[in-house]
Amino acid sequence: MKYKLAIIGFGNVGQGLAEILATKTSLLSERYGVDIRIVAVCDLLKGSIAEPEGFDPQLILDHVRSNGDLKQFPAAYKDWDARETIEKSGANVLIELSYTDLETGEPALSHIIQALQLGMNVATTNKGPAALHFPKLLALCESHGGRIGVEGTVMSGTPTLTLGMNSLIAAGITKIQGILNGTTNYILGEMEKGAEYSAALEDAQARGYAEADPTGDVDGHDAAAKVVILANLVMGQSMTMEDVNCVGIRGLTKTDIKAARDKDQRWKLIGTVDKEGDVIQGSVKPARVNSDHPLHGISGATNAITFSTELLGDITLIGPGAGRIETGYALIGDILSFSR
Ligand code: HSE
């Protein structure tokens, strides 16, 4: 199977995907019989290039790293906007990686709708469309024959949605709880070591963990979007962002962190989907966890999630929650799932 990718948005995650393709393309082709090529890259700031036969991913990466953009990169077609790229590049997979907007889902939503209407497959790590408009996107898949993969929207390349939606489908999931944001977990850990909040945040940004606008991370909205995605895709709910009781980590001071540490506790930002009476409720809030709590030892940008089930008890998955390669990997998983 030949997958021709049009990548919209070439920041950390897009470059992570290109890095994986630069080293793994032959392996993917030999082992899984898939030929994955990047035929277009379109980025608001870095420029736009398209080549029907496909680019060498390493050359694109080298060029971006030494020039900061793709404006002088040799290509058959240049300067297409996102709409033209999706329409004219000959791609059969849209890799949607534009910035996340958790209020409207735009511009990613329009890009994805356009691609699905053209019968393309879509893989995205953008939480906006997945949290706000997933049923509509699934309906477009059904009517036009494409597929959509959103594995990387929760816990980056750690196969969280695949586990919840496939392996645990009949286990009777009653509750989901975990650390769902890498940036805040990293910041809290650095503050425990004595760092200032702003320095820890800058560090998380430099490491590629934070969103383009890190307010979404520190105020809990990123984790809230993941709570909504888990509730809806894994537990079949119709939760919205407004339904999630959301508190971030901005209010936590060094004194709070020290007070916890003195009692051998740690602050963690915890996202939960749980039953309250007959109603499924979503929440994100900081909590002090004891040293014997399963989430106590989860450090840095690592995430962890526990699915509580009727048939299997608790199943906990621990793995990367953010990062360039880690999130790029989720897209590879989505693409491979298109041919299964
Ligand atoms: N900004 C997000 C995080 C990226 O820190 O978890 C992965 O969704």
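Above this note sits the structure.
Calculation rules
Residues numbered from 1 in each chain as written. Predicted model: local features only at pLDDT ≥ 70, side-chain atom pairs only at ≥ 80, totals over all residues. Heavy atoms only, no water. Helix = DSSP H or I, 4+ residues; strand = E, 2+ residues; numbered from the N terminus. Buried < 20%, exposed > 50% of the residue type's maximum accessible area, 1.4 Å probe, protein only. Polar contact = N/O pair within 3.5 Å; in protein donor to acceptor, adjacent residues only side chain to side chain. Contact = heavy atoms within 4.5 Å. Axes fitted to C-alpha atoms, helices over the stretch in contact; angles between N-to-C directions. Parallel < 35°, antiparallel > 145°, perpendicular 65-115°, else oblique. Left-handed = near helix turned anticlockwise from the far one by under 90°. Nonpolar A, V, L, I, M, F, W, Y, C, P; charged D, E, K, R; others polar. Pairing = 2+ DSSP bridges.

1. Overview of unusual backbone geometry
Generally, phi is negative for residues other than glycine and the peptide bonds are trans, each holding for most cases.
Link 1 in the chain: Here the residue pair Glu106 and Pro107 is connected by a cis peptide bond, since its omega of 5° sits within 30 degrees of zero.
Link 2 in the chain: As for its position among the elements, Pro107 is in the loop between β5 (93-96) and α4 (108-117).
Link 3 in the chain: Backbone geometry at Asp79 places phi at a positive 65°, although glycine is not the residue there.
Link 4 in the chain: Judged by its relative accessible area of 66%, Asp79 is exposed.
Link 5 in the chain: A positive phi is found at Met155, a non-glycine position, where the angle reads about 60°.
Link 6 in the chain: One can find Met155 in the loop between β7 (148-149) and α7 (160-167).
Link 7 in the chain: Judged by relative accessible area, Met155 falls into the buried class, the value being 0%.

2. Brief notes about the side chain of Lys127
Link 1 in the chain: Looking at where Lys127 falls in the secondary structure, it is placed in helix α5 (residues 127-132).
Link 2 in the chain: Since its relative accessible area comes to 6%, Lys127 is described here as buried.
Link 3 in the chain: Among the polar contacts made by the side chain of Lys127, one reaches the side chain of Asp222 at a distance of 2.6 Å.
Link 4 in the chain: Setting aside its immediate chain neighbours within four residues, Lys127 contacts Thr100, Leu102, Thr153, Glu211, Asp222, Ala225, Lys226 and Ile229.

3. Observations concerning the packing of helix α1 (residues 12-32) against helix α2 (residues 57-67)
Link 1 in the chain: The geometry of α1 relative to α2 is characterised by a closest axis approach of 8 Å and an angle of 135° between their N-to-C directions. One element, α1, and the other, α2, form an angle in the oblique class. α1 and α2 meet at a crossing whose hand is left-handed. Of α2, the residues touching α1 (which contributes Gln15, Ala18, Glu19, Leu21 and Ala22) are Pro57, Gln58, Leu61, Val64 and Arg65.
Link 2 in the chain: When its residues are assigned to classes, the contact of α1 with α2 shows 6 nonpolar, 2 polar and 2 charged.

4. Things to note about the sheet that holds strand β2 (residues 35-43)
Remark on secondary structure: sheet strands pair via backbone hydrogen bonds, oriented parallel or antiparallel.
Link 1 in the chain: Overall, mixed pairing links the 7 strands, which are arranged β4-β3-β2-β1-β5-β6-β7 in an open sheet. Looking at which strands have only one partner, the edges of the open sheet turn out to be β4 (77-78) and β7.
Link 2 in the chain: Note: β2 against strand β3 (residues 47-55), 5 bridges, orientation antiparallel. The residue of β3 that forms the bridge with Asp43 is Gly47.
Link 3 in the chain: Packed on one face of the sheet, α1 meets β1 (2-8), β2 and β5 and runs near 165° to β2.
Link 4 in the chain: Across the sheet, helix α13 (residues 324-338) touches β1, β2, β5, β6 (121-124) and β7, and the angle it forms with β6 is around 160°.

5. Remarks on the environment of Ile318
Link 1 in the chain: Tracing the chain through its elements places Ile318 in strand β13 (residues 313-320).
Link 2 in the chain: Given the relative accessible area of 51%, Ile318 is considered exposed.
Link 3 in the chain: Separated by 284 residues in the primary sequence, Ile318 and Val34 place their C-alpha atoms 29 Å from one another.
Link 4 in the chain: In contact with Ile318, other than residues within four places in its own chain, are Thr158, Ile298, Thr302, Asn303 and Ala304.

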